[in-house]
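Residue-level structural notes
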Amino acid sequence: MAPSDRPFIPVGIAVLTVSDTRTPADDKSGQTLVDRIAEAGHMLADRAIVTDDRENIREKVLAWSRDEKIDVVITTGGTGFTGRDVTPEALEPIFEKRMDGFSEVFHRISYDKIGTSTIQSRATGGVVNATFVFVLPGSPGACRDAWDGIIKPQLDYRHMPCNFVEIMPRLDEHLRRGGGKHT
C-alpha cells in the first residue's frame, strides 16, 4: 500500500514534565509537546508535572504504561548532568527494550543546531509495558527537535518504510498472545 493510501491513526500520548520549579502556567516545554501532539492529530491522554525524584518519575511512567488509552509517554526535563537530573536513571532500569537509535538521531539533529553542546543531554528512549517512552531534555527547542525530527514521523502510520504505529500491536507478543497491555 502506498503511503498516501494509508489512513492516519491517532495514538494516545501522555506528557510528563520533570521539574522542581515549573508549574502548568510556565511549562513551556510541556506545552510545546502538547501543541505539537494536537497539531499532528494525536490525542493528549494525560499531562503532569513531577519533581526531579526517581521514584516519582518512575511511578508516573509505570502507571501510564499500564493505561490502555496511553500508547506513548514523552518526558521533558532531567536529562542533564546536575545532581537533580535523574530522569534517565529513573526510567532506563524499567525499559524492557532500549531505543539506542533515538538518542543517536536526537544528537545528530541537535548537533546541527547547537553544536557540541548536545553532549550535555542524556536523551533516551525505550519500551515499558508495550508503551513507547521518550526521555527529552527540558528545553522547548529540544522538544521541538525531537518531535519534529523523530517522534512525529515515527508516530505517523503513513510514514514509510516503517513506523512505530504499525508495530504497536506486537510490542508485547513475547509476553502473551492477544491484545491489550499487561499488568
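Relevant structure appears above.
It should be emphasised that the depicted structure is a prediction, and the values quoted were computed from it without experimental measurement.

Here we come to the overall build of the protein. Across its full length, the protein holds 5 helices and 6 strands. Taken over the C-alpha trace, the protein has a radius of gyration of 16 Å; the compact-globule value for 183 residues is 16 Å, and the two agree within 12%. Per-residue burial over the protein gives 51% buried out of 183 residues. The contacts of the protein with a sequence gap of at least 6 include a subset with a gap of at least 24, amounting to 75%. If you average the places of the 23 positive and of the 27 negative side-chain charges in the protein, the two averages end up 1 Å apart.

Attention now goes to the packing of helix α4 (residues 100-114) against helix α5 (residues 140-154). The geometry of α4 relative to α5 is characterised by a closest axis approach of 10 Å and an angle of 120 degrees between their N-to-C directions. Comparing the axis directions of α4 and α5 gives the class oblique. Considering only the axes of α4 and α5, their crossing is right-handed. Seen from α4, the contacting residues are Phe102, Val105, Phe106, Ile109 and Lys113; seen from α5, they are Ala142, Asp145, Ala146, Gly149, Ile150 and Ile151. Residues that form the contact of α4 with α5 fall into these classes: 8 nonpolar, 1 polar and 2 charged.

This part covers the packing of aromatic side chains. On inspection of all chains with the given rule, the structure shows 4 aromatic pairs. Taken together, a centroid distance of 6.4 Å and an interplanar angle of 25 degrees make the contact between Phe102 and Phe106 stacked. Pair noted here: Phe102 and Phe106 are both in helix α4, with a separation of 4 residues, about one helical turn. Neither residue differs from the other here; Phe102 and Phe106 are each classed as buried. Both rings, one in Phe134 and one in Phe164, keep their centres 6.1 Å apart while their planes meet at 40 degrees; by these two values the pair is tilted. Residue Phe134 is located in strand β6 (residues 131-136), and its partner Phe164 is located in the segment after α5; the two are separated by 30 residues in the primary sequence.

The rules behind these values
Residues numbered from 1 in each chain as written. Predicted model: local features only at pLDDT ≥ 70, side-chain atom pairs only at ≥ 80, totals over all residues. Heavy atoms only, no water. Helix = DSSP H or I, 4+ residues; strand = E, 2+ residues; numbered from the N terminus. Rg over C-alpha atoms; globule rule 2.2 N^0.38 Å. Buried < 20%, exposed > 50% of the residue type's maximum accessible area, 1.4 Å probe, protein only. Contact = heavy atoms within 4.5 Å. Lys, Arg positive; Asp, Glu negative; His and termini not counted. Charge placed at Lys NZ, Arg CZ, Asp CG, Glu CD. Axes fitted to C-alpha atoms, helices over the stretch in contact; angles between N-to-C directions. Parallel < 35°, antiparallel > 145°, perpendicular 65-115°, else oblique. Left-handed = near helix turned anticlockwise from the far one by under 90°. Nonpolar A, V, L, I, M, F, W, Y, C, P; charged D, E, K, R; others polar. Phe/Tyr/Trp six-rings, centres within 6.5 Å; stacked < 30°, edge-to-face > 60°.

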